[in-house]
Number of protein chains: 2
Amino acid sequence: MGTDRCFWGWGFEGAGLDATEQRALAQRVQPFIPIESDPIIPPTPDEIHLRSPRIRPPDSIASWCRVDAASRAGHTYGKSFADVVRALERRWERPPDVVAAPPDEAGVVAVLEWASRIDAVVIPYGGGSSVVGGVEAPRGDDRPVISCDLSRLDRVLEVDTASRAALIQAGVLGPSLEAQLRPYELTLRHYPQSFEVSSLGGWIATRSGGHYATLHTHIDDFVESVKAVTPAGLWESRRLPGSGAGPSPDRLLLGSEGILGVITCAWMRLQDRPRFRASAVARFATFEAGARAARALAQSGLWPANCRLLDAGEALMTGAGSGEAHLLLIGFESADHAVDDAMARAAMLARDHGGAIEIRDRSASATGPGRTDAADQWRSAFLRAPYIRDSLVCLGLISETFETAITWDRFDVFVSEIKASAEEALRGAGAWPAIVTCRLTHVYPDGAAPYFTILAPGRGSSRVAQWRDVKAAVMTAINDGGGTVTHHHSVGRDHRAGYDLERPALFAAQLRAAKKVVDPGAMLNPGVLIDP
Amino acid sequence: MGTDRCFWGWGFEGAGLDATEQRALAQRVQPFIPIESDPIIPPTPDEIHLRSPRIRPPDSIASWCRVDAASRAGHTYGKSFADVVRALERRWERPPDVVAAPPDEAGVVAVLEWASRIDAVVIPYGGGSSVVGGVEAPRGDDRPVISCDLSRLDRVLEVDTASRAALIQAGVLGPSLEAQLRPYELTLRHYPQSFEVSSLGGWIATRSGGHYATLHTHIDDFVESVKAVTPAGLWESRRLPGSGAGPSPDRLLLGSEGILGVITCAWMRLQDRPRFRASAVARFATFEAGARAARALAQSGLWPANCRLLDAGEALMTGAGSGEAHLLLIGFESADHAVDDAMARAAMLARDHGGAIEIRDRSASATGPGRTDAADQWRSAFLRAPYIRDSLVCLGLISETFETAITWDRFDVFVSEIKASAEEALRGAGAWPAIVTCRLTHVYPDGAAPYFTILAPGRGSSRVAQWRDVKAAVMTAINDGGGTVTHHHSVGRDHRAGYDLERPALFAAQLRAAKKVVDPGAMLNPGVLIDP
């Protein structure tokens, strides 16, 4: 695996499926969805043809600004289905004119000053793994575009072991962040699927969902304070373990998706590295029974680190199961105390709801990793999934995920309605036969976050249009059912239609007003979340 | 104890200390602080003399508007030290012209419409227990003033037992709220010191701190969605167990202290009533050692419900201890599983840091309340404290509490600096000999919330001025030390000086802009949090 980022698809250059793996994948999918054409060959850098940059960086910052085609193409899109398709079609619409990669916070200030002078749009760019159109230039805005790549702000600046907190630069990617914390025996323990290619600042800006399936599900609760550069100056909150002084300033930046400032660093709450673990898999005859068990666990106050329910189809597709049972993966971990009793109680709750339990590694839990095969299998499939997605796209398929959250009282009806609406939309779009599977990524005392995966045949050059139709239908169904348009993928440009229905109208007006204070020229990621 | 609210001091008419208790209190204080004069006799309603109302409610709402002196006097202030002194001095400055007590949400809308028409100030009033000047009329603003009393919005409207959540009107006080939930075997489990006389809407508006000493310390995490009436229309968020769609709308209303809308109801996350309990007291030779034990507990992932450290002076004054040791009160509770193992591990951690442990009721923990004498003693003193405070004020003393939060790395130095600055300010103000004690009300993995209690001799009619000097000095010291001006008492008018130094300047501008969207006439609680 290389360390260069792939400019057309997920992750790192050369880390995707090789030809043999891709053939095996096609054979695996074939029984469900006919694959009719040869795989699309991904573009090579010499196939990139972009409009010429409309601006030239001033000498003072030119040394860390890039205008080469590969850099600009690599920063044109995020990594959604539509992004990969467009790149495979050798289409880079509205590429940034310049990719600025400031070496420090002063550099970020310089970028905003320059952008302000020339009336340019600035798109904060962390790991670039957005699957919602969060890092691409707006349509219908002919200002020049600067992608502000924060990858050089990649250091842990200070560690406070007493408070278990660290001041961390926003551009650091997951693996480097964890490597820098390891000497202190500390961990942020935030593992979104994009872990290897997403940044701390991106997690904060998009309210990323992480490792813990219960309790502290989003990055939100691990943010102690944030610093951002805005066109109106520096925005910095105070390091506090808790406060009741007015509305939380941090919570305004959390989820602001680049429209309220460029996050440069944050004090983050850390964890001791876990030493005790226990895990189990519970098998259920119905998804609803599994969900009731997940609910009991979420309401028990046991706070399992893992509590992920896979429907039978999801279990089959990820290799975690045979497709006959619905699987609830349960895991506990602690740096302080044994978790076997908690695991035993959780198993009892799962049994109460009809689960057949398989506990693994209980005796080894004080030393070993204590993971079950199914959980292991699922985890590696989880991290590999985006690469597989790219291969599926190369095979001409539509591969998409969407996620939401809903309270328990409406859960069963909601999930089946969303699934039905997705299937109906896929049929309507001619993307059939399709597979729609569901898992729960996070569970709460008052509800859960269902996550749906779609695999369907695409129709050549109208694949993106088919995808848009399905997304629109699903967003409508989610809104009608009372869910959220996104539990942790964020809004970006692709979820605007759903978001506009969901948030209080007056809140959107307040967000616009708050943006105007820090960004009167509407240069920061315009069109994401709100129309400025 | 009556059910009529006391118009000059804390709580309910007749629930304060009787003459015998007051004499005993004076004798208890005398050895530390000389008491030189006879107790001040509280005012009777016939001693209230207010300026005449400058406005008259329209006929359409007149039936639930009050203009009598006792109602207006009772809504002139909150319940801070300065509020009680002013009432004892028979001074009601800037009383509301009208106390409107709408019977429903439509009534709240009508109040805002009327206020808008006549250009009046509206002060949302829940339980009226603010100790920070949060419910009094602004100085230097000669618009008429309407106190919007929400006490008639006092019902639990809907209970969703599957999600363990309820839609609750904002004006309900703690005891009635809990009584309405009891038939469902559910509880909000939010017990601020003001529990009996504060409202759900007030808790949300001020980010109230509650029952749990760790994990879910503030009301914030129990809010599923909120509804508010604003001059620009209704503001209502969606019921969701979790979301990542943009900045959390709820978090803007949480802590808005009445400046962004009148909260009328909220969906709240509830708890099952606990069945298992265990508790212990750990005695420490130094406060610092006790704090290290509290830190270990906060970082253990055991999440004790109680983890409150009382310094020796605080233990003595509240009757929880003899004044020789610093006490850490530890408690676990659960509706789902026994907590004895958690208690045992917590005791081990306390011992590791030098604590001498006394565990009570372990064997009875599955059925009995499992409380220790010291914890019981402390809890009843906790609820009684505000009434005692009133008696101390009647005895001519200065009695004040202030609270903050700080990360662990700075904890020891910070606490001793704040204590020293309070003592120096008290000396400087001639309020000496004084007692300054400290406890930790809430602890976090990354820090703690120290809470200070001051008792000092007052100098007749300059008591409020002395109090202001001390508060100003302490706010400066807290700010210099990097703490927050309030962990859960809120900002109001009294903490503005500290708050103005604490929050990011650009955030204050954003808050002003957000206010202007919903309250262009700046009628809602102007001067609280920000100058509109």
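Rules used throughout
- Residues numbered from 1 in each chain as written.
- Chains lettered and ligands numbered in written order.
- Predicted model: local features only at pLDDT ≥ 70, side-chain atom pairs only at ≥ 80, totals over all residues.
- Helix = DSSP H or I, 4+ residues; strand = E, 2+ residues; numbered from the N terminus.
- Rg over C-alpha atoms; globule rule 2.2 N^0.38 Å.
- Contact = placed C-beta atoms within 7 Å.
- Least-squares fit on C-alpha atoms with pLDDT ≥ 70 in both.
- Buried ≥ 20, exposed ≤ 12 C-beta atoms within 10 Å, placed from the backbone.
- Pairing = 2+ DSSP bridges.
- Nonpolar A, V, L, I, M, F, W, Y, C, P; charged D, E, K, R; others polar.
- Axes fitted to C-alpha atoms, helices over the stretch in contact; angles between N-to-C directions.
- Parallel < 35°, antiparallel > 145°, perpendicular 65-115°, else oblique.
- Left-handed = near helix turned anticlockwise from the far one by under 90°.
- Domains from an automatic or database assignment.
- Expected span 1.5 Å × (residues − 1).
- pLDDT = per-residue confidence, 0-100.

1. Concerning the overall build of chain A
- Across its full length, chain A holds 16 helices and 19 strands.
- In terms of C-alpha radius of gyration, chain A reaches 23 Å, essentially the compact-globule figure of 24 Å for 532 residues.
- On the principal axes, the C-alpha backbone points of chain A span a range of 65 × 60 × 45 Å.
- Restricting to contacts in chain A with at least 6 residues of sequence separation, those with at least 24 account for 73%.

2. So, the relation of the copies chain B and chain A
- Rotating chain B by 180 degrees and moving it 0.0 Å along the rotation axis overlays it on chain A with an RMSD of 0.0 Å. Both copies of the chain, as the preceding transformation shows, are related through a two-fold rotation axis. When C-alpha positions in chain B are compared against the rotation axis, the closest is assigned to Ala513(B), at 2.7 Å.
- Interface overlap between copies is the fraction of interface residues in one copy that are interface residues in the other; for chain B against chain A it reaches 100%, indicating a shared surface.

3. Side note on the pairing of strand β10 (residues 262-269) of chain B
All names here are of chain B.
- Among the eight residues in β10, eight count as buried, and that is most of the element.
- The pairing of strand β6 (residues 165-169) with β10 spans five bridges and is classified as antiparallel. Residue Ile-168 lies in a different strand from β10, and its bridge partner there is Ala-266.
- For strand β8 (residues 223-230) and β10, the ladder comprises six bridges, and the chain directions are antiparallel. Across the sheet, Ala-228 pairs through a bridge with Ile-263, a residue of β10.

4. Re the environment of Leu253(A)
Residue and element names in this part refer to chain A.
- As for its placement among the helices and strands, Leu-253 is situated in helix α8 (residues 250-253).
- Each C-alpha atom, one on Leu-253 and one on Ala-374, is 37 Å from the other, the two residues being 121 residues apart in sequence.
- When residues no more than four places from it in sequence are discounted, the contact partners of Leu-253 are Ile-204, Val-226, Ala-228, Leu-260, Gly-261 and Ile-263.

5. Details of the interface of chain B and chain A
- Taken together, the 78 residues of chain B in the interface contact 78 residues of chain A.
- Among the elements of the structure, β8, β9 (233-236), α8 (250-253), α11 (340-352), β18 (435-444), β19 (447-457), α15 (496-502) and α16 (505-518) of chain B are those that each provide at least two residues to the side of chain B that touches chain A.
- A per-class count over the side of chain B that touches chain A returns 30 nonpolar, 31 polar and 17 charged.

6. Observations concerning unusual backbone geometry
- Cis geometry marks the peptide bond from Trp432(A) to Pro433(A), where omega comes out at 0 degrees.
- With respect to the element layout, Pro433(A) can be found in the loop between α13 (411-428) and β18 (435-444).
- Even without glycine at this site, Arg90(B) takes up a positive phi of about 60 degrees.
- Position of Arg90(B) among the secondary structure elements: in the loop between α4 (81-88) and β2 (98-100).
- Its identity as a non-glycine residue notwithstanding, Asp119(B) has a phi of 55 degrees, on the positive side.

7. Observations regarding the packing of helix α13 (residues 411-428) of chain B against helix α14 (residues 463-481) of chain B
Residues and elements named next belong to chain B.
- Axis separation between α13 and α14 bottoms out at 9 Å; the angle between their running directions is 155 degrees. With respect to their mutual orientation, α13 and α14 come out roughly antiparallel. Considering the relative orientation of α13 and α14, their crossing is right-handed. Mapping the contact onto sequence places Phe-414, Glu-417, Ile-418, Ser-421, Ala-422, Ala-425, Leu-426 and Gly-428 in α13 and Asp-469, Val-470, Ala-473, Val-474, Ala-477, Ile-478 and Gly-481 in α14.
- For the contact of α13 with α14, the residue count by class is 10 nonpolar, three polar and two charged.

8. Some words on the sheet that holds strand β10 (residues 262-269) of chain A
Residue and element names in this part refer to chain A.
- Strands sit in the order β5-β6-β10-β8-β9 across an open sheet of five strands; the sheet is antiparallel. Every interior strand has two partners, whereas the edge strands, β5 (156-160) and β9 (233-236), have only one. Averaged over all adjacent pairs, the angle separating strand axes in this sheet is 10 degrees, with direction ignored.
- Examined bridge by bridge, strand β8 (residues 223-230) and β9 share four bridges and lie antiparallel to one another. Bridge assignment links Thr-230 to a residue of β9, and that residue is Gly-233.

9. Things to note about the domain arrangement of chain A
Residues and elements named next belong to chain A.
- Entries for chain A in the domain assignment read domain 1 (162-176 + 189-272), domain 2 (276-372) and domain 3 (396-489).
- A straight line from the C-alpha centre of domain 1 to that of domain 3 covers 28 Å.
- Each partner contributes to the interface: domain 1 provides seven residues, whereas domain 3 provides five residues.

10. Description of the environment of Leu240(A)
- In this structure, Leu240(A) sits in the loop between β9 and α8.
- Among the residues examined, Leu240(A) registers 25 C-beta atoms within 10 Å and is labelled buried.
- Sequence spacing of Leu240(A) and Leu397(A) is 157 residues, and the spatial spacing of their C-alpha atoms is 48 Å.
- With near-sequence residues (within four places) excluded, Leu240(A) lies in contact with Ser225(A), Ala405(B) and Thr484(B).

11. Quick word on the sheet that holds β9(B)
Residues and elements named next belong to chain B.
- Pairing is antiparallel across the open sheet formed by five strands, whose spatial order is β5-β6-β10-β8-β9. Since the sheet does not close on itself, it has two edges, and those belong to β5 (156-160) and β9, each with one partner. Shown here is a sheet whose adjacent strand axes are inclined to one another by a mean of 10 degrees, direction ignored.
- Contacts between helix α5 (residues 105-118) and the sheet are confined to β8 and β10, with β8 contributing the most and set at about 40 degrees to the helix.

12. Observations regarding helix α9 (residues 287-298) of chain B
All names here are of chain B.
- Given a rise of 1.5 Å per residue, 12 residues ought to cover 16 Å, and the 16 Å separating the end C-alpha atoms of α9 matches this to within 8%.
- Among the 12 residues that make up α9, nine are buried, leaving the element largely enclosed by the rest of the structure.
- What α9 keeps buried is the set Phe-287, Gly-290, Ala-291, Arg-292, Ala-293, Ala-294, Arg-295, Leu-297 and Ala-298.

13. Focus on the packing of helix α16 (residues 505-518) of chain A against α16(B)
- Here α16(A) crosses α16(B) at 140 degrees, and the two axes come no closer than 8 Å. In terms of orientation, α16(A) and α16(B) fall into the oblique class. Here α16(A) runs over α16(B); the crossing is right-handed. The segment α16(A) lies against α16(B), with Leu506(A), Ala509(A), Gln510(A), Ala513(A), Ala514(A), Lys516(A), Val517(A) and Val518(A) engaging Leu506(B), Ala509(B), Gln510(B), Ala513(B), Ala514(B), Lys516(B), Val517(B) and Val518(B).
- By residue class, the composition of the contact of α16(A) with α16(B) is 12 nonpolar, two polar and two charged.

14. A word on the environment of His489(A)
- With respect to the secondary-structure elements, His489(A) resides in the loop between α14 (463-481) and α15 (496-502).
- Note on His489(A): 28 C-beta atoms within 10 Å, which makes it buried.
- Residues His489(A) and Val131(A), spaced 358 residues apart in sequence, show a C-alpha to C-alpha distance of 7.0 Å.
- Excluding residues within four positions of it along the chain, His489(A) makes contact with Val131(A), Val132(A), Glu403(A) and Gly244(B).

15. Brief notes about the confidence of the model for chain A
Residue and element names in this part refer to chain A.
- In the predicted model, chain A carries a mean pLDDT of 95, and 97% of its residues have values of at least 70.
- In the predicted structure, residues 362-371 sits below a pLDDT of 50 and forms 22 contacts with residues beyond four places in sequence or in another chain.
- Confidence estimates for the predicted assembly give a pTM of 0.97 and an ipTM of 0.96.

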